[in-house]
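Residue strings, one per chain:
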Amino acid sequence: QVQLVESGGGLVQAGGSLRLSCAASGSIFSINYMGWYRQAPGKQRELVATSTRGGNINYADSVKGRFTISRDNAKNTVYLQMNSLKPEDTAVYYCNAVAKLSMISVPNAYWGQGTQVTVSS
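Calculation rules
- Residues numbered from 1 in each chain as written.
- Predicted model: local features only at pLDDT ≥ 70, side-chain atom pairs only at ≥ 80, totals over all residues.
- Heavy atoms only, no water.
- Disulfide = S-S within 2.5 Å.
- Helix = DSSP H or I, 4+ residues; strand = E, 2+ residues; numbered from the N terminus.
- Buried < 20%, exposed > 50% of the residue type's maximum accessible area, 1.4 Å probe, protein only.
- Pairing = 2+ DSSP bridges.
- Phe/Tyr/Trp six-rings, centres within 6.5 Å; stacked < 30°, edge-to-face > 60°.
- Lys NZ or Arg CZ within 6 Å of the ring centre and 35° of its normal.
- Contact = heavy atoms within 4.5 Å.

A few points about the state of the cysteines
In a disulfide, the sulfur atoms of two cysteines are covalently bonded to one another.
Then, in step 1: A full pass over the atoms with the stated rule returns one disulfide.
Then, in step 2: Covalent S-S linkage joins Cys22 and Cys95, the inter-sulfur distance amounting to 2.1 Å. Negative torsions about the S-S bond denote left-handed disulfides, and the value of about -80° found for Cys22 with Cys95 makes this one left-handed. In this pair, Cys22 is assigned in strand S3 (residues 18–26) and Cys95 in strand S9 (residues 91–100), connecting sequence segments 73 residues apart.
Then, in step 3: Taking relative accessible area as the criterion, Cys95 reaches 0% and is therefore assigned buried.

Section: the pairing of strand S5 (residues 46–52)
Then, in step 1: Pairing of strand S4 (residues 30–39) with S5, which is carried by six bridges, proceeds in the antiparallel orientation. Each bridged residue has a counterpart across the sheet, and for Met34 the counterpart in S5 is Ser51.
Then, in step 2: Here S4 folds back onto S5 in antiparallel fashion, the turn holding six residues, of which Gly42 has a positive phi close to 75°.
Then, in step 3: As paired strands, S5 and strand S6 (residues 57–59) are joined by three bridges and run antiparallel to one another.

Regarding the packing of aromatic side chains
Then, in step 1: Within this structure, the stated rule accounts for one aromatic pair.
Then, in step 2: Geometrically, the ring pair formed by Tyr37 and Trp111 is edge-to-face, given 5.1 Å between the ring centres and 65° between the ring planes. Within this pair, whereas Tyr37 is found in strand S4, its partner Trp111 is found in strand S10 (residues 108–111), the two being separated by 74 residues in sequence.
Then, in step 3: Here Arg45 stacks its cationic end above the ring of Trp111, 4.6 Å away from the centre of that ring.

Here's the deal with the side chain of Ser21
Then, in step 1: Examined against the element boundaries, Ser21 turns out to sit in strand S3.
Then, in step 2: Under the relative-accessibility criterion, Ser21 is labelled buried at 18%.
Then, in step 3: Ignoring any residue separated from it by four or fewer positions in sequence, one finds Ser21 in contact with Val5, Glu6, Ser7, Trp36, Val78 and Tyr79.

Regarding the environment of Ser102
Then, in step 1: Structurally, Ser102 can be placed in the loop between S9 and S10.
Then, in step 2: In the structure, Ser102 is positioned 72 residues away from Ser30 in sequence and 7.7 Å away in space, judged by C-alpha atoms.

Given below as structure tokens:
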């Protein structure tokens, strides 16, 4: 199985920055897709940013120009640098990875436990 461990959340004032990290471990053959999602109270989980192993990156419109996703494929780690944070960025942030456990296995999606990001006004 694959375990995803997130870190880096916390409380920050509006305009501040935070950097989230997510490290994948376990019986991993390959990880193609890693990304970040978030869920605010009373709202559905939404995509924040995603990155494929080949370097294709996608951002939600609400974070473009403020957030940057990056990966260290050798360490199976994905990062989310969040700048110019706004109160509406307050949410639990979840790491997601689509990984294969062997060459012939079907890719499966895995989730981290989530890390709270709170932006005060």
